[in-house]
Amino acid sequence: MFIYPFVWMLSASLAPESELATLTVIPSEITFENYQVLLDKIPIGRALLNSVIVASSVTLGVLVFGSMIGYALSRLEFRGRDTIFYIILFTMTLPFHITLIPNYILMVKFGWVDTYAALIIPYMINAFAIIMFRQYFKSIPQDLIDAAKIDGCGELRIIFQILWPNSIPALVTIGIITFMASWNEVLWPLIVIRDEQLMTMPQLVTLFAVGGRAESQLGVKLASAVLLALPILVAYMFFQKYFIQSMASSGLKE
Amino acid sequence: MAEVKLEKISKVYEDGFKAVDQVDFIVQDKEFVVLVGPSGCGKSTTLRMIAGLEDISEGKLYIGDTLVNDFPPQQRDIAMVFQNYALYPHMTVRQNMAFGLKLRRMPKDEINARVMNAARIIGLDDLMNKKPGTLSGGQRQRVALGRAIVRNPKVFLFDEPLSNLDAKLRVNMRLEIAKLHKELEATIIYVTHDQTEAMTMADRIIIMKDGLIQQIDSPIIMYNNPVNKFVAGFIGSPQMNFLDGKIEGSDFIGENNVLKIHLPSKYQKQLADYAGKNIIMGIRPKDIKHVIEGEIDIGSYVAFNTSFNGVEPMGNETFLYFSMGDNEWVARVNPDSVIVEKDTVYLNSHKLHFFDQKTEISL
Ligand SMILES: Nc1ncnc2c1ncn2[C@@H]1O[C@H](COP(=O)(O)OP(=O)(O)OP(=O)(O)O)[C@@H](O)[C@H]1O
Ligand SMILES: [Mg+2]
């Protein structure tokens, strides 16, 4: 049931336009015509590259900054630590739309409209990731951190050489969620990117599919949808295997 | 190696709790000092301040001749062994041991030499490429020891390193650590709440209660001459028996007349000021006998008729439990004697301890 729409989408995108109305799963012949049309009309390859760049940078940023801030909130002692934590928690409850306009104005002021910076930098710090890391790091024995300090680790080394290798489940989980969210983001790119060469895949595909340029050719639209979903599927399959492995082998026990 | 000097060191935690109060002591070069006391008395806090893991609220800390209050842990040249081993789970035994040396940018050859040497000392040769997760508790603690040894630090700090191990292993490791101390000529500060570890390993014991040092002495002196009731009760196992009472003339009279002991003259002199006053008497379980035939000083024993609440044969000794007024007492007697439920025990009146009832200070 879950995969039927997807299977249909895949097969329909490979079928000649005339057979689409029938909703059959097996087309009479397989054709890449729809994909050809698609490639001719929009820079989908470039969009794929953009999406990869953006989602990877965002994910890396979220992991790096999230773990740094999460560590500070869980292990360092400084005044106002808990207040800061509650403020971060509070920002999570704010709907995205409230910050949309102020963020856009910031992008304009910084001159980041139509740059990668607008797509990446606002997303590099993420309250959800900070809180996840904070909770996860709290479960790691303090003695481990103390031993590292005595061995000569500074705080950054503790985070990246001691905590990271022992937090692989958290890293993978947060990484996947962040990557997916960034990959699927449409609204924000629509607002800050107008240059077709900088558009991410979902943005480009959305504009293409609903913006009229597909000239109501359903097959072409479906082809674009398949291309949109494919990288996520591949990434998911790769990570899932790794995810299960990491869960099984982390071995971090007292 | 170096001496460690604490001058009036205190620790007040964020929440205002004073965990360590004006602690003052010197650990000599190459000395094995054991910091002992009940749970929550501030032992770990003291050790963590020496390690640099906890800020010092007040006072001065010297390692060697250097004031190290503001030094981070890695600059204090100390190594620490933790209760739950604190090995890096993602590194092999070898990597665990080498990590601290690598961070100090030591040449590879020397790192290897030191790791091999330490591995040999503590018998880890076969395990070098294993991850800590696959090792037993005893092996893990050995690795933690190895990690400390390779550093060749000025001071070794131990925080209850044996409390996660089973009893037999604990005895083994105790001997091994003592041996290590001799071999390495190391300065060691060792925290435990186990008085047996303190008695068996220490050159000197520092005993703490509620953040305050109670007594600093060698194990034997501490056992024979405890400064107060707390130390008397803490050192020695099973613990010393106590009884509230009064000095009347040349006798000690227990509460509600449960016991009357005619005091030898040495105690009469010592307690001259306490005539008619309340006092606490203490006697160690080993100084209560079940059979006194054949004892040389047979005249110094005082008989006490009782019935036993419990008899615990330990093989090489037997513990007899009985009531003395409201207190549960224990005697540690020869395992060969035949014990019936209603019987007589004999208290050695030359082996008594007395404490002021209010201050609990030894008299
Ligand atoms: N971070 C902290 N904040 C507030 N109080 C603390 C903190 N750490 C420890 N304490 C308190 O300080 C006191 C001493 O703690 P410490 O860990 O030094 O005890 P300990 O002697 O090592 O006991 P144990 O044998 O249980 O390890 C305890 O009462 C403890 O509750
Ligand atoms: Mg402790």
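Use the structure listed above.
This write-up is about the structure you can find in this document. (Residues numbered from 1 in each chain as written. Chains lettered and ligands numbered in written order. Predicted model: local features only at pLDDT ≥ 70, side-chain atom pairs only at ≥ 80, totals over all residues. Heavy atoms only, no water.)

The next subject is the overall build of chain A. The helix and strand tally for chain A stands at 13 helices and zero strands. Expressed as a percentage of the 254 residues in chain A, the buried residues total 41%. Long-range contacts, defined as pairs at least 24 residues apart, comprise 73% of the intrachain contacts of chain A with a sequence gap of at least 6. Surface summary for chain A: the accessible area is close to 13,300 Å², and the carbon and sulfur share equals 70%. (Helix = DSSP H or I, 4+ residues; strand = E, 2+ residues; numbered from the N terminus. Buried < 20%, exposed > 50% of the residue type's maximum accessible area, 1.4 Å probe, protein only. Contact = heavy atoms within 4.5 Å. Areas by Shrake-Rupley, 256 points an atom, 1.4 Å probe, with all protein chains shown as cover.)

Moving on: the packing of helix α2 (residues 93–103) of chain B against helix α4 (residues 137–151) of chain B. All names here are of chain B. Interaxial distance between α2 and α4 falls to 8 Å at its minimum, and their mutual angle equals 30 degrees. In this view, α2 runs roughly parallel relative to α4, as classed from their interaxial angle. Helix-helix and strand crossings are classified by hand; for α2 and α4 the assignment is right-handed. Seen from α2, the contacting residues are Val93, Asn96, Met97, Gly100 and Leu101; seen from α4, they are Val143, Gly146, Arg147, Val150 and Arg151. (Axes fitted to C-alpha atoms, helices over the stretch in contact; angles between N-to-C directions. Parallel < 35°, antiparallel > 145°, perpendicular 65-115°, else oblique. Left-handed = near helix turned anticlockwise from the far one by under 90°.)

Turning next to the sheet that holds strand β3 (residues 32–36) of chain B. Residues and elements named next belong to chain B. Strand order in the open sheet formed by six strands is β6-β7-β8-β3-β9-β10, and the pairing between neighbours is mixed. With partners counted over all chains shown, the strands left at the sheet margins are β6 (78–81) and β10 (212–217), one partner each. Strand-to-strand twist of the sheet, defined as the mean angle between neighbouring strand axes without regard to direction, takes the value 15 degrees. Direction of pairing for strand β7 (residues 155–159) relative to strand β8 (residues 187–192): parallel, over a ladder of five bridges. When the bridges of β8 are listed, Phe158 appears paired with Tyr190. (Pairing = 2+ DSSP bridges.)

It is worth spelling out unusual backbone geometry at this point. Excluding glycine, a negative phi dihedral is what most residues carry, and trans is how most peptide bonds are arranged. All names here are of chain B. Omega for the peptide link from Ser237 to Pro238 comes to -5 degrees, which places this bond in the cis form. For Pro238, the position within the fold is in the loop between α8 (229–234) and β11 (241–248). One non-glycine residue, Glu160, lies in the positive phi region at around 45 degrees. Along the chain, the position of Glu160 falls in the loop between β7 and α5 (167–184). Within the chain, Glu185 stands out as a residue other than glycine whose phi angle is a positive 50 degrees. One can find Glu185 in the loop between α5 and β8.

Our focus in this paragraph is a nonpolar patch on the surface. Nonpolar side chains collect at one region of the surface, where A:Phe96, A:Leu187, A:Leu190 and A:Leu207 lie side by side and expose about 280 Å² of accessible area between them. In this fold, A:Leu187 is placed in helix α11 (residues 187–192). (Patch = residues over 30% accessible without salt bridge, like charges linked within 9 Å, V, L, I, M, F, W, Y side chains within 5 Å. Salt bridge = Lys/Arg side-chain N within 4 Å of Asp/Glu carboxyl O.)

The next subject is the site of ligand 1. Residues and elements named next belong to chain B. Taken together, the neighbourhood of ligand 1 is formed by Tyr13, Asp15, Phe17, Ala19, Ser39, Gly40, Cys41, Gly42, Lys43, Ser44, Thr45 and Glu160. With respect to ligand 1, the side chain of Thr45 contributes an N or O atom lying 2.5 Å from an oxygen atom. In this structure, an oxygen atom belonging to ligand 1 sits 3.2 Å away from a side-chain N or O atom of Glu160. Compared with its free state, where it exposes 630 Å², ligand 1 has 64% of that area covered by protein. The dominant element in the shell around ligand 1, judged by the number of residues it contributes, is helix α1 (residues 43–51), at three residues. Residue composition of the shell around ligand 1, grouped by class: four nonpolar, five polar and three charged. (Near = heavy atom within 4 Å. Polar contact = N/O pair within 3.5 Å; in protein donor to acceptor, adjacent residues only side chain to side chain. Nonpolar A, V, L, I, M, F, W, Y, C, P; charged D, E, K, R; others polar.)

Okay, the pairing of strand β16 (residues 301–313) of chain B next. Residues and elements named next belong to chain B. Bridge analysis of β16 against strand β19 (residues 342–348) gives seven bridges, and the strand direction is antiparallel. From the neighbouring strand, Asn305 faces β19, where its bridge partner is Thr344. As paired elements, β16 and strand β17 (residues 318–324) share five bridges and run antiparallel to each other. By the bridge assignment for β17, Gly310 is matched with Tyr321. Adjacent in sequence and paired antiparallel, β16 and β17 are bridged by four residues, among which Gly315 carries a positive phi angle near 100 degrees.

So, on to the interface of chain B and chain A. Between chain B and chain A, the contact holds 24 residues from the first and 20 residues from the second. Carbon and sulfur atoms make up 57% of the surface buried where chain B meets chain A, a total of about 1,900 Å² over both sides. Three residues, B:Tyr88, B:His90 and B:Leu103, lead the burial of chain B against chain A; their summed loss comes to 26% of the area buried on that side. Counting every contact that joins chain B to chain A gives two salt bridges. Of all the secondary structure elements, the ones that give two or more residues to the side of chain B that touches chain A are α1, β6, α2 and α4 of chain B. (Buried area = accessible area lost by both parts, 1.4 Å probe.)

Residues and elements named next belong to chain B. Tracing the sequence through the fold places Glu31 in the loop between β2 (18–27) and β3. Among the polar contacts made by the side chain of Glu31, one reaches the main-chain amide nitrogen of Gln28 at a distance of 2.8 Å. Once residues lying within four places of it in the same chain are set aside, the contact partners of Glu31 are Ile26, His181, Ala186, Thr187, Ile188, Asp203 and Arg204.

Time to look at helix α5 (residues 96–110) of chain A. All names here are of chain A. The terminal C-alpha atoms of α5 lie 20 Å apart, and with 15 residues this matches the ideal 21 Å at 1.5 Å per residue to within 8%. The sharpest bend along α5 reaches about 25 degrees and sits at Pro102. Positive phi appears at Gly111, one or two residues downstream of α5, with a value of about 70 degrees. (Expected span 1.5 Å × (residues − 1). Bend = angle between axes of the 7 residues up to and from the residue.)

Turning next to a negative patch on the surface. Taken together, the side chains of A:Glu77, B:Glu14, B:Asp15, B:Asp55 and B:Asp70 define an acidic patch exposed on the protein surface. Positionally, A:Glu77 belongs in the loop between α3 (44–75) and α4 (81–93). For A:Glu77, a relative accessible area of 57% translates into the label exposed. (Lys, Arg positive; Asp, Glu negative; His and termini not counted. Charge placed at Lys NZ, Arg CZ, Asp CG, Glu CD.)

Taken as a whole and judged by the stated rule, the model has 15 salt bridges over all chains. Here B:Arg151 makes a salt bridge to A:Asp151, at a shortest N to O gap of 3.9 Å. Of the two residues, B:Arg151 sits in helix α4 while A:Asp151 sits in helix α8 (residues 142–151), which places them in two different chains. Across the salt bridge formed by B:Arg332 and B:Glu317, the nearest N and O atoms sit 2.7 Å from each other. On the criterion of sequence distance, the pair formed by B:Arg332 in strand β18 (residues 327–333) and B:Glu317 in the loop between β16 and β17 is long-range, its members being 15 residues apart. B:Glu317 gets classed as buried once you look at its relative accessible area, which sits at 15%. If you follow the salt bridges from partner to partner, you end up with A:Asp146, B:Lys11, B:Arg48 and B:Glu54 in one network.

This brings us to the packing of aromatic side chains. According to the stated counting rule, one finds 17 aromatic pairs over all chains in the structure shown. A ring pair is formed by A:Phe133 and A:Phe137, whose centres lie 5.5 Å apart and whose planes are at 35 degrees; its orientation type is tilted. Residue A:Phe133 and its partner A:Phe137 are located together in helix α7 (residues 127–138), separated by four residues, close to a single helical turn. Among the aromatic residues, those joined into a cluster by ring pairs are B:Phe32, B:Phe156, B:Phe158 and B:Tyr190. A cation over a ring is seen here: A:Arg134 above A:Phe85, with NZ or CZ 3.7 Å from the ring centre. (Phe/Tyr/Trp six-rings, centres within 6.5 Å; stacked < 30°, edge-to-face > 60°. Lys NZ or Arg CZ within 6 Å of the ring centre and 35° of its normal.)

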